[in-house]
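If you want the building blocks of each chain, they are given just below.
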Amino acid sequence: MYPDETSRSARLFRRARASIPGALSRNSVYFPPYPVYAAKARDCRITDVDGNERIDFVNNMTAIIAGHSHPAVVQAVQDQAARMMGMAMPTEIEIELAELMCRRVPGVEQIRFANSGTEGVQWAIRAARGYRNRSKIARAEGAYHGAIDCMETSQLQQNPDTWGPAARPATTLNNRGIPPSVRNDVITIPFNDVQATKAILEENADDLAAVIVDPLTGMMAYAQASTEYLQMLRDFADATGVVLIYDEVMSFRVGYSGAQGWAGILPDLASFGKVMGGGLPIGGVGGRKRFMEVFDRDSGNYQVPHSGTYNANPMSMAAGHAALTVMTRDRFDHIAQLGDRLRTGFRDVLATLGVPGCVQGAGSMTFVRFGHDGPIDNYRDMVELPNDMQTAFDLHYYLLNHGIQSVEAIVWILNQTMTEKEIDFAIEQVAAGLKSVRSKARATA
Ligand SMILES: *Cc1c(COP(=O)(O)O)cnc(C)c1O
């Protein structure tokens, strides 16, 4: 049973505290009183260090899409490891992954690789600055764009005391590690507010290098940028020359042609990561040749030198190429159908049990929020609408003890090895879990 202070996970967590501050190198995998330690995984199932098996609805925060240790990915990685793992020379597999991305993603004519989504965002921003010879970046309040300084603003800690008027959100620093000087380079825009965003952008057009937006925002309950919003950004970019960047590090997995193919309005540049690496570390920036030329020594507009010891390392290239090759259009359709089934099932459960809650998402990504019936359209909705965290917390415990791993019962991510059987099992367990949580709450009331 979880939690159990005598379990091997609990003991590993206590042991790690001595050598690792907070016991972890990755805050996002923590939940109290201790996270479950993984031993192995296959397809959509994870076995923890105490021998418990669970269906994995986390999939490494969306990075796994073909499935854990998919045979084709394992084969590609093993072959590559046996041949060579990394050297200061380019390899053919880099070109193969680049060509695959250019074939699939309509706005990607060229792409450069790095090692994390954070770096993908970093290099997209740097390319935009090189192209425009300006430094300011406009970003949406509440959106997550990785860990570079100028993107660590106006998120989780942004609250009604600090955030200013809705039509003109303040730029707050995420923590004391972020220098106040980033405020000079960041303009905060209200997600999905067309008129207010347009006004802010037009006011700052002369100083802006880029506006960055995620069409499907993981940190805002998978709120989707409206067509009007994206079209306004596209028109603004066309009128001013400000570079439009999509952060598709997570939202790329929404479909075969990425978030931009799904949204139907193309950016100038896009940052990538997560599934593009097939489970190994990766990042990248891709887009129109005109903008990507800033990386090209021979283009006549070379502005941005780009290097990195592990850029385009053949292990990540091989894993990414193998995983995306598994992900044909049919496999994307398959997980999108399962995603719809999961969302419909969850909504039915909430309605039947009379539990207030909203279920949002697209394709293989789903967000559940307890406490109100939704929708959540932007960051202020996330903060201001009722949020019943206790139900999510209790349900998460229940699910851990009933064969299901999710991101705290809130975020549900699918991989292509799943079938209706796993989806229906999750729906049944959420129904049973909510009943159990509620009868417990009544007993203690
Ligand atoms: C995960 C993520 C990042 C950062 O990617 P890392 O590989 O964790 O550095 C950036 N943007 C979005 C939208 C993400 O989901």
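Here, the structure is the one placed above.
Criteria and thresholds
- Starting from 1, residues in each chain are numbered consecutively following that chain's sequence as written.
- Note on the predicted model: pLDDT of at least 70 is required for a residue's local features to be given, and 80 or more for side-chain atom pairs to be given and counted; whole-chain, interface and lining totals, by contrast, use all residues.
- Values shown for side chains rest on all heavy atoms present in the structure; no hydrogens or waters enter the calculation.
- The helix and strand labels rest on DSSP assignments: H or I over at least four residues marks a helix, E over at least two residues marks a strand, and numbering proceeds from the N terminus.
- Radius of gyration here uses only the C-alpha atoms, and the compact-globule reference equals 2.2 Å multiplied by the residue count raised to the power 0.38.
- With a 1.4 Å probe rolled over the protein chains alone, any residue whose accessible area is under 20% of its type maximum counts as buried; one over 50% counts as exposed, and the rest are partly exposed.
- The criterion used for residue contact is that any of the two residues' heavy atoms lie within 4.5 Å.
- All tallies of charge rest on Lys and Arg as positive and Asp and Glu as negative; His and the ends of each chain are not included.
- Charge coordinates come from a single atom per side chain, which is NZ of Lys, CZ of Arg, CG of Asp or CD of Glu.
- One side-chain nitrogen of Lys or Arg within 4 Å of one carboxyl oxygen of Asp or Glu is enough to make a salt bridge.
- Aromatic rings from Phe, Tyr and Trp, taking only the six-membered ring of Trp, are treated as a pair when their centres fall within 6.5 Å; an angle between ring planes under 30 degrees marks them as stacked, one over 60 as edge-to-face, and anything in between as tilted.
- Criterion for a charge above a ring: Arg CZ or Lys NZ at most 6 Å from the ring centre, at most 35 degrees from the ring normal.
- Geometry is summarised by axes, namely lines fitted to C-alpha atoms with helices restricted to the contacting stretch, and by angles between N-to-C directions that run from 0 to 180 degrees.
- Each angle receives one of four descriptions, namely roughly parallel if under 35 degrees, roughly antiparallel if over 145, roughly perpendicular if within 65 to 115, and oblique otherwise.
- What makes a crossing left-handed is the near helix being turned counterclockwise from the far one by less than a right angle; a clockwise turn instead makes it right-handed.
- Any residue that is not Ala, Val, Leu, Ile, Met, Phe, Trp, Tyr, Cys, Pro, Asp, Glu, Lys or Arg is counted as polar, Gly included; the first ten are nonpolar and the last four charged.
- Between any two strands, pairing holds if DSSP finds at least two bridges.

Q: I would appreciate a short explanation of the overall build of the protein chain in the present structure.
A: Counting its regular elements, the protein chain contains 13 helices and 16 strands. Here the C-alpha radius of gyration of the protein chain, 22 Å, is about what a compact globule of 445 residues would show, namely 22 Å. By its C-alpha atoms, the protein chain is 70 × 55 × 45 Å across when sized along the principal axes. Buried residues in the protein chain amount to 55% of all 445 residues. Considering only contacts in the protein chain between residues 6 or more positions apart, those separated by 24 or more positions represent 67%. Side-chain charges in the protein chain split into 43 positive and 49 negative, and the spacing between the mean points of these groups amounts to 4 Å.

Q: Sorry if this is basic, but what is going on with the pattern of salt bridges here?
A: Close approach of charged atoms allows side chains with opposite charge to pair. As enumerated under the stated definition, the model contains 15 salt bridges in all. With a shortest N-O distance of 3.5 Å, Glu53 and Arg45 are connected by a salt bridge. For Glu420, the salt bridge goes to Arg341, with nearest N and O atoms at 3.5 Å. With Glu420 in helix 13 (residues 420-444) and Arg341 in helix 10 (residues 329-353), this pair connects stretches of sequence that are 79 residues apart. By relative accessible area, Glu420 is classed as partly exposed at 45%. Arg341 gets classed as partly exposed once you look at its relative accessible area, which sits at 33%. Connected through salt bridges with shared partners, the residues Arg45, Glu53 and Glu422 form a single ionic network.

Q: Sorry if this is basic, but what is going on with the packing of aromatic side chains here?
A: Each aromatic ring pair is summarised here by two numbers: the centre-to-centre distance and the angle between the ring planes. Enumeration over the complete set of coordinates arrives at 13 aromatic pairs. Each member of the aromatic cluster is reached from another via a ring pair, and the members are Tyr2, Phe31, Tyr34, Phe393 and Tyr397. The ring of Trp123 carries Arg126 above its face, with NZ or CZ at 4.9 Å from the centroid.

Q: Looking at this model, I keep getting lost on the packing of helix 5 (residues 194-204) against helix 6 (residues 227-240). Mind explaining?
A: Their axes nearest at 10 Å, the elements helix 5 and helix 6 cross at an angle of 15°. Between helix 5 and helix 6, the angle is such that the two are roughly parallel. Relative to helix 6, helix 5 is oriented so that their crossing is right-handed. Contacts between helix 5 and helix 6 involve Val194, Thr197, Lys198, Leu201 and Glu202 from the first element and Glu228, Tyr229, Met232, Leu233 and Phe236 from the second. Of the residues contributing to the contact of helix 5 with helix 6, the split by class is 6 nonpolar, 1 polar and 3 charged.

Q: Just to check I follow, could you spell out the pairing of strand 2 (residues 45-48) for this structure?
A: Side-chain direction in a regular strand flips from residue to residue, so the side chains alternate between the two faces of the sheet. By the bridge criterion, 4 bridges tie strand 1 (residues 38-42) to strand 2 in an arrangement that is antiparallel. Looking across to strand 2, one finds that Lys40 is bridged to Thr47. Following strand 1, the chain reverses through 2 residues before pairing antiparallel with strand 2; Asp43 in that reversal takes a positive phi of roughly 55°. Pairing between strand 2 and strand 3 (residues 53-56): 3 bridges, direction antiparallel.

Q: How should the sheet that holds strand 2 be read in this particular structure?
A: Pairing between the strands of a sheet is mediated by backbone hydrogen bonds and can be parallel or antiparallel. Taken in spatial order, the 4 strands make up an open sheet running 1-2-3-15, and their pairing is mixed. On the outer flanks of this sheet lie strand 1 and strand 15 (404-405), each paired with one strand and no other.

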